Amino acid sequence: MSGFNPLERIALADVRRAVQWIALLACAIALAAGLGLIHFPAAPLLGAMIAGIAFGAGGSSLRVPRPAYLLAQGAAGVFIATSMSPAIFVDAVQEWPLLLALTLATLTVAFSIGWIMNRVTGIPEDVAVYGSLPGMSGAMVIIANERGADARIVALMQYVRLAAVIISVALFASFLPDSQVGQLPEREISPLSPILTPALVALALVANRIKALPAAGMLIPMILCAIIESTGWMHLQMPNVMILATFGIIGLEVGLKFTR
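These numbers come from a predicted model, not from an experiment.

Draft legend 1. Main features of the overall build of the protein chain. If you tally the helices and strands in the protein chain, you get 12 helices and zero strands. When the helices and strands of the protein chain are listed from N to C terminus, the series reads α-α-α-α-α-α-α-α-α-α-α-α. Along the first, second and third principal axes, the C-alpha atoms of the protein chain reach 75 × 50 × 40 Å. Expressed as a percentage of its 260 residues, the buried residues of the protein chain come to 35%. Put simply, of all contacts in the protein chain between residues at least 6 apart along the chain, 74% involve residues at least 24 apart. Counting only carbon and sulfur atoms, one obtains 72% of the accessible surface of the protein chain, whose full area is about 15400 Å². In the protein chain, 14 positive and 13 negative side-chain charges are present, and the distance between their average locations comes to 15 Å.

Now the structure itself:
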């Protein structure tokens, strides 16, 4: 290396970094594809996270660029909100007492589990809570990361729980009789979707400046998209490529922070 001038050293470092990124992405894609073949949920996120863990624990200094991670947050929020519909909103209004009671019961159990884990294991309070909350595991990882909590432990807790739920449901369902599943009616995708969807995603770059709201980069686009969907104004759709990239980026962001 002593024979290289500064510019040549910088160029060589850039080449090495590019090679590391290519290897990391290839590994993440291969793992995600493998998990997808066995129909494992959140395959893009988990595949990328496992690849990131392997590189991070191996001493790699690679990090996901901040703008890419913010856009992934916005895309995750929009993707979640596109599942909303006017029918869901009507049902929620009609059954609000039951919905409220079940929500409070779920939160009580989740917070109790987090409190127990904090007392028994010494895991920080915020990490224990984020890791114990059910549903939206990717969102919990994002919120924990944005709030300065250890997203690695949150991710580990969330996906161990997810694996346990999948195995438990599969075993329990095998004892239940078969039944016909009703198909939800297809919703017409708005012609404005290719324009409005990326615009809502890009809003994360600005919304992230709202420090009073945790993970505002995800929540603001999600709230706006949920309003659009639940009021029946229009139905948006996110391209599959964007969905895969979104959860892949989130997985890499968490995985690369793991150390040996």
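Draft legend 2. Expanded view of the side chain of Asn145. Residue placement: Asn145 occurs in helix 7 (residues 137-146). Discounting chain neighbours no more than four positions away, the residues touching Asn145 are Tyr69, Ala151, Glu253 and Lys257.

Draft legend 3. Quick look at the nonpolar core. If you look at the biggest cluster of nonpolar residues, it comprises 55 residues, and the most contacted ones within it are Val141, Ile142, Tyr159 and Ile250. Excluding anything up to four places from it in sequence, Ile250 contacts Leu45, Tyr69, Ala72, Ala76 and Ile142.

Draft legend 4. The environment of Leu200, seen in detail. Note that Leu200 resides in helix 9 (residues 193-202). Aside from chain neighbours lying at most four places away, what touches Leu200 is Val78, Pro221, Leu224, Cys225, Ile228 and Leu236.

Draft legend 5. Structural detail: the packing of helix 5 (residues 96-121) against helix 6 (residues 125-132). Where helix 5 contacts helix 6, the two axes come as close as 8 Å, and the packing angle between them is 140°. If you check the angle between helix 5 and helix 6, you find them oblique. Where helix 5 crosses over helix 6, the two elements pack in a sense that is right-handed. Listed contacts from helix 6 to Ala110, Phe111, Ile113, Gly114, Met117 and Asn118 of helix 5 are Glu125, Ala128, Val129 and Ser132.

Draft legend 6. Representation of the environment of Ile189 in the model. Residue placement: Ile189 occurs in the loop between helix 8 (151-173) and helix 9. A relative accessible area of 35% places Ile189 in the partly exposed class. Each C-alpha atom, one on Ile189 and one on Thr231, is 14 Å from the other, the two residues being 42 residues apart in sequence. Excluding anything up to four places from it in sequence, Ile189 contacts His235 and Gln237.

Draft legend 7. Inspection of the packing of aromatic side chains at higher detail. Following the criterion strictly, the structure yields one aromatic pair and no others. Centroid distance Phe79 to Phe247: 5.7 Å. Interplanar angle 80°. Geometry classified as edge-to-face. On the criterion of sequence distance, the pair formed by Phe79 in helix 3 (residues 66-81) and Phe247 in helix 12 (residues 240-255) is long-range, its members being 168 residues apart. Owing to a relative accessible area of 17%, Phe247 belongs among the buried residues under this scheme.

Draft legend 8. How the structure looks around helix 11 (residues 216-230). Compared with an ideal rise of 1.5 Å per residue, which puts 15 residues at 21 Å, helix 11 spans 20 Å between its outermost C-alpha atoms and is within 8% of the ideal. Counting buried positions over the 15 residues of helix 11 gives 11, a clear majority of the element. Gly232, located one to two residues past helix 11, shows a positive phi value of around 80°.

Draft legend 9. How the structure looks around a nonpolar patch on the surface. Nonpolar side chains collect at one region of the surface, where Leu71, Leu205 and Val206 lie side by side and expose about 230 Å² of accessible area between them. Its location among the elements puts Leu205 in helix 10 (residues 204-207). When its relative accessible area of 36% is taken as the criterion, Leu205 is described as partly exposed.

Draft legend 10. Structural context of the pattern of salt bridges. Applying the stated rule across the entire model yields two salt bridges. A salt bridge links Asp150 to Arg152; the shortest N-O distance between them is 3.0 Å. Notably, a salt bridge pairs Lys257 with Glu253, separated by 3.2 Å at the nearest N-O pair. Classification of Lys257 by relative accessible area gives partly exposed; the value is 30%.

Draft legend 11. A look at helix 9. Residues of helix 9 that are buried include every one of Ser193, Thr197, Leu200 and Val201, and no others. Within helix 9, the buried residues cover an arc of 100° as seen down the axis, which keeps them to one side. As for helix 9, its buried residues are in contact with helix 3, helix 10, helix 11 and helix 12.

About the thresholds
- Residues numbered from 1 in each chain as written.
- Predicted model: local features only at pLDDT ≥ 70, side-chain atom pairs only at ≥ 80, totals over all residues.
- Heavy atoms only, no water.
- Helix = DSSP H or I, 4+ residues; strand = E, 2+ residues; numbered from the N terminus.
- Buried < 20%, exposed > 50% of the residue type's maximum accessible area, 1.4 Å probe, protein only.
- Contact = heavy atoms within 4.5 Å.
- Areas by Shrake-Rupley, 256 points an atom, 1.4 Å probe, with all protein chains shown as cover.
- Lys, Arg positive; Asp, Glu negative; His and termini not counted.
- Charge placed at Lys NZ, Arg CZ, Asp CG, Glu CD.
- Core = buried A, V, L, I, M, F, W, Y, C linked by side-chain atoms within 4.5 Å.
- Axes fitted to C-alpha atoms, helices over the stretch in contact; angles between N-to-C directions.
- Parallel < 35°, antiparallel > 145°, perpendicular 65-115°, else oblique.
- Left-handed = near helix turned anticlockwise from the far one by under 90°.
- Phe/Tyr/Trp six-rings, centres within 6.5 Å; stacked < 30°, edge-to-face > 60°.
- Expected span 1.5 Å × (residues − 1).
- Patch = residues over 30% accessible without salt bridge, like charges linked within 9 Å, V, L, I, M, F, W, Y side chains within 5 Å.
- Salt bridge = Lys/Arg side-chain N within 4 Å of Asp/Glu carboxyl O.
- Arc of directions from axis to C-beta.

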